[in-house]
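Examining the three-dimensional arrangement
In case you want the letters, here they are:
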Amino acid sequence: MKPSLTITSESHAYPVYIHQGLRHSTYELIEQSLMKPASAYMIIADETVADLYLRDVLASFPDNRKPSVALVPSGEASKSLDKYEELLTKTLEARLDRQSVIIALGGGVTGDLAGFVAASYMRGIRFVQLPSTLLAHDSSVGGKTGINHPLGKNLIGAFHPPSAVVYDSEMLMTMPEKEWRSGFAEVVKHGFIADPPFLQWLQENVPSFSSCSLDTINELLKRSIAVKAKIVQEDEREQGVRAYLNFGHTLAHSIEAESGYGTITHGEAVAIGMVFALKLSEQVYDIDLQYADTIRYMESLGYHLSIPNQCDSHELLNRMKIDKKTHNQKVHYVLLKELGRPELVPVDDHVILQLLTGGVGNK
Ligand SMILES: NC(=O)c1ccc[n+]([C@@H]2O[C@H](COP(=O)([O-])OP(=O)(O)OC[C@H]3O[C@@H](n4cnc5c(N)ncnc54)[C@H](O)[C@@H]3O)[C@@H](O)[C@H]2O)c1
Ligand SMILES: O=C(O)C(=O)C[C@@H](O)[C@H](O)[C@H](O)COP(=O)(O)O
Ligand SMILES: [Zn+2]
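Residues numbered from 1 in each chain as written. Chains lettered and ligands numbered in written order. Predicted model: local features only at pLDDT ≥ 70, side-chain atom pairs only at ≥ 80, totals over all residues. Heavy atoms only, no water.

**So, the UniProt feature "domain: 3-dehydroquinate synthase N-terminal" (unreviewed entry) in the chain**
Here the UniProt feature "domain: 3-dehydroquinate synthase N-terminal" (unreviewed entry) sits at residues 71-181. Secondary structure content for residues 71-181 is 32% helix and 30% strand, while the C-alpha to C-alpha distance between its ends is 25 Å. (UniProt positions renumbered as here; feature names shortened; annotations may be inferred. Helix = DSSP H or I, 4+ residues; strand = E, 2+ residues; numbered from the N terminus.)

Written as structure tokens, this is what we have:
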């Protein structure tokens, strides 16, 4: 099978396969993607996803090549130092060596966590992503891996691109509505930062999540991943343009940490963060971005776009100070000069606070 896309990273190129039913061909697709054969495999799987799909994935492996399996409790809380250590122990107990390959089966939580285990085990072994959520179209590509710290999101991690991404879009069909909404926020983000006509396409082709055909989903995944791929190929280690993928995330990560990881999904927080960044952009550049129709569309899909009441504005600003884009205590925001034209801009605390306390209502 031909990949839908191939991503060129600093160390290697890797295929992204997107189609329904691919879990049944996991072994074959992985083997054809690896430059050197794997000595052994270990699957790190989200517990909920394992119940649904692990059997199919395992069945694709021949009897003499069956992977060992480590399960991870579902939810953001698993992106922790404790779970990371636990998994390293399991990886050692499974006797993985430097030619072994870890397979991440699940959403962004599993991919980020298993990817970081792979990045650090014996100073780095290969891994493959089997994304099972819509959000993971973003997390499975680009090589950002890592875990959370109580003080902030994704503060511990490594750039470690996968050897392949095998995306079985059929697995998305069992996702709860809330997870569709979460992942779709990153799809909208890709439209805002690099492909405004895609926003229009989404409105025409995705009137609701339940009405989406597999063909539409496959197309949506390809278009959204294409935006991400272009950026990470230009700047894998976020020295420049990759920061644009953080549109909406400065506030989002603060909200996630402040309200307790898992209380609000990553994508729900990103949706709120994007509205905030759009308003901030209009204020800083003194422009009208004309995004109201996209906001109405998002509301029709069930998004709540105001900052949760329990989040204190000063605490949110404090959290922003340990965002990875902050330099010398100055918060840097991804703003839009126009739709599809992002820029990384230092913003004064009082400007942020003023907008935070003014509330992020709807346009
Ligand atoms: N590395 C990156 O570049 C990157 C990009 C975006 C987001 N992220 C990270 O990704 C994480 C969020 O990922 P997520 O939204 O996939 O969350 P997740 O992995 O927690 O999955 C969401 C929920 O859906 C369930 N689930 C997963 N697949 C399912 C399926 N097919 N059917 C039924 N249930 C299913 C899971 O058990 C979980 O409860 C966050 O930690 C975020 O920071 C990373
Ligand atoms: O790939 C990137 O770069 C992104 O910023 C994608 C984001 O959607 C993602 O949430 C990422 O994990 C955030 O990166 P971080 O460096 O702010 O932790
Ligand atoms: Zn994100």
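**Some details on the coordination of the zinc ion (ligand 3)**
At the metal site, the zinc ion (ligand 3) is ligated by Glu186 (OE), His249 (NE2) and His266 (NE2), and these contacts range over 2.0 to 2.1 Å. Mapping the donors of the zinc ion (ligand 3) onto the primary sequence gives the spacing E-x62-H-x16-H. With a gap of 63 residues between them, Glu186 in helix α6 (residues 177-194) and His249 in helix α9 (residues 249-259) connect regions that are remote in the sequence. (Donors = N, O, S within 2.8 Å, 3.2 Å for Na, K, Ca; no water.)

**What about the UniProt feature "binding site: Zn(2+)" (unreviewed entry) in the chain?**
In the numbering adopted here, UniProt assigns the feature "binding site: Zn(2+)" (unreviewed entry) to Glu186, His249 and His266. These annotated residues cover 81 residues of sequence, and their C-alpha atoms all fall within 10.2 Å of one another, placing them together at a single site. Take Glu186: its relative accessible area is 2%, and that puts it in the buried class. When near neighbours in sequence (up to four residues on either side) are disregarded, Glu186 contacts Leu135, His137, Asp138, Ser224, His249, His266 and Val270. Within the secondary structure, His266 is located in helix α10 (residues 266-285). The contacts of His266, once residues within four sequence positions are left out, are Leu135, Lys153, Ser182, Glu186, His249, His253 and Glu256. A distance of 2.8 Å separates a polar atom in the side chain of His266 from a polar atom in the side chain of Glu256. (Buried < 20%, exposed > 50% of the residue type's maximum accessible area, 1.4 Å probe, protein only. Contact = heavy atoms within 4.5 Å. Polar contact = N/O pair within 3.5 Å; in protein donor to acceptor, adjacent residues only side chain to side chain.)

**Focus on the pattern of salt bridges**
Opposite charge on two side chains allows them to pair when their charged atoms are near. Using the criterion set out here, one finds 23 salt bridges in the structure. Notably, a salt bridge pairs Asp168 with Arg23, separated by 2.7 Å at the nearest N-O pair. Residue Asp168 is located in strand β9 (residues 164-168), and its partner Arg23 is located in the loop between β2 (13-19) and α1 (26-33); the two are separated by 145 residues in the primary sequence. Residue classification places Asp168 among the buried residues on the basis of a relative accessible area of 1%. We note a salt bridge from Asp323 to Lys325, for which the minimum N-O separation is 2.8 Å. (Salt bridge = Lys/Arg side-chain N within 4 Å of Asp/Glu carboxyl O.)

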